[in-house]
Amino acid sequence: MRRNNQAAAEDEAQIDLTPMLDVVFIMLIFFIVTASFIKEAGVEVNRPEASTSNPVENVNILVAVNANNEIWMDNRRIDVRAVRANIERLHAENPKGAVVIQADNKSNTETVAAVLDAAREAGVYDVSLATEDK
């Protein structure tokens, strides 16, 4: 009889980890889904200020031009000749997405215009220039 009491006590002492694993997997899925919506161009730029700026919906393609006139997309530095191909690839993933150019205050207008032309050549006409709110 003593053995039966010990076996019953051991069965009651076990911890069921199934609910904890369910919570962990739900949290993992939540963080994976929310992290996929955060997109950055790959470099920090000082954007110019504008008093008439409007927020843009469906932003899918971010292109950054830093003060050294380097072009960044998807956390990669790319050549000006590769901008069109990268925009075409990203636009194919989300055809309703817009292109937002984040140009530094000290970047050349020529580089920004080249990125704008590449976006239009890629078939994207919803192109905006990101600014800081005043």
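The preceding data block contains the structure.
Source: prediction; values computed, not measured.

Visitor: Explain the packing of helix H3 (residues 83-93) against helix H4 (residues 109-121) to me, please; I cannot follow it from the model alone.
Guide: Between two packed helices, the angle of one axis relative to the other and the distance separating the axes together describe the packing. Orientation of H3 relative to H4, taken along the N-to-C sense of each, is 45 degrees, at an axis distance of 8 Å. As the angle between them shows, H3 and H4 are arranged oblique. Classified by chirality, the crossing of H4 by H3 is right-handed. Counting all contacts with H3, which are made through Val 83, Arg 84, Ile 87 and Glu 88, the residues of H4 involved are Val 115, Ala 118, Ala 119 and Glu 121.

Visitor: For this particular structure, what's the right way to read unusual backbone geometry?
Guide: With the exception of glycine, most residues fall at negative phi, and the peptide bonds are largely trans. Positioned with a positive phi, Asp 74 is a non-glycine residue whose angle comes to about 50 degrees. Even without a glycine there, the phi angle at Asn 75 is positive, about 60 degrees.

Visitor: Whenever I open this one, the packing of aromatic side chains confuses me. Can you help?
Guide: The relation between two aromatic rings is expressed through the spacing of the ring centres and the mutual angle of the planes. Taken as a whole and assessed by the stated rule, the structure comprises 1 aromatic pair. On the numbers, 5.4 Å between centres and 65 degrees between planes, the contact of Phe 30 with Phe 31 is edge-to-face. In terms of burial, Phe 30 and Phe 31 fall into one category: exposed.

Visitor: I tried to follow the side chain of His 91 on my own but got confused; where do I start?
Guide: Among the secondary structure elements, His 91 is positioned in helix H3. Classification of His 91 as buried rests on a relative accessible area of 18%. Sequence-distant contacts of His 91, defined by excluding residues within four places in its chain, comprise Ile 61, Gly 97, Gly 123 and Val 124.

Visitor: Can you walk me through the environment of Glu 93 in this structure?
Guide: Considering the arrangement of structural elements, one finds Glu 93 in helix H3. Between the alpha carbons of Glu 93 and Asn 60 there is a distance of 9.1 Å; along the sequence they are 33 residues apart.

Here is what the cut-offs are and how they apply
Counting from 1, residues in each chain are numbered in the order their sequence is written. Where local features are concerned, this predicted model is filtered to residues with pLDDT of at least 70; where side-chain atom pairs are given and counted, the filter is 80 or more; whole-chain, interface and lining totals use all residues. Side-chain calculation: all heavy atoms of the structure are included, whereas hydrogens and water are not. Each axis is a line fitted through C-alpha atoms, taken for helices only over the stretch in contact, and angles between the N-to-C directions span 0 to 180 degrees. Helix numbers and strand numbers start at the N terminus; a helix is a DSSP run of H or I with at least 4 residues, a strand a run of E with at least 2. Convention used here: angles under 35 degrees read as roughly parallel, angles over 145 as roughly antiparallel, angles from 65 to 115 as roughly perpendicular, and any remaining angle as oblique. Should the near helix be turned anticlockwise from the far one by less than a right angle, the crossing is left-handed, and should it be turned clockwise, the crossing is right-handed. Contacts are assigned to residue pairs that have any heavy atoms within 4.5 Å of one another. Aromatic rings from Phe, Tyr and Trp, with only the six-membered ring used for Trp, were paired whenever their centres fell within 6.5 Å, and each pair was classed as stacked if the ring planes differed by under 30 degrees, edge-to-face if by over 60, and tilted otherwise. Note on classification: 1.4 Å probe, protein chains only; a residue is buried when its accessible area is under 20% of the maximum for its type, exposed when over 50%, partly exposed between these limits.

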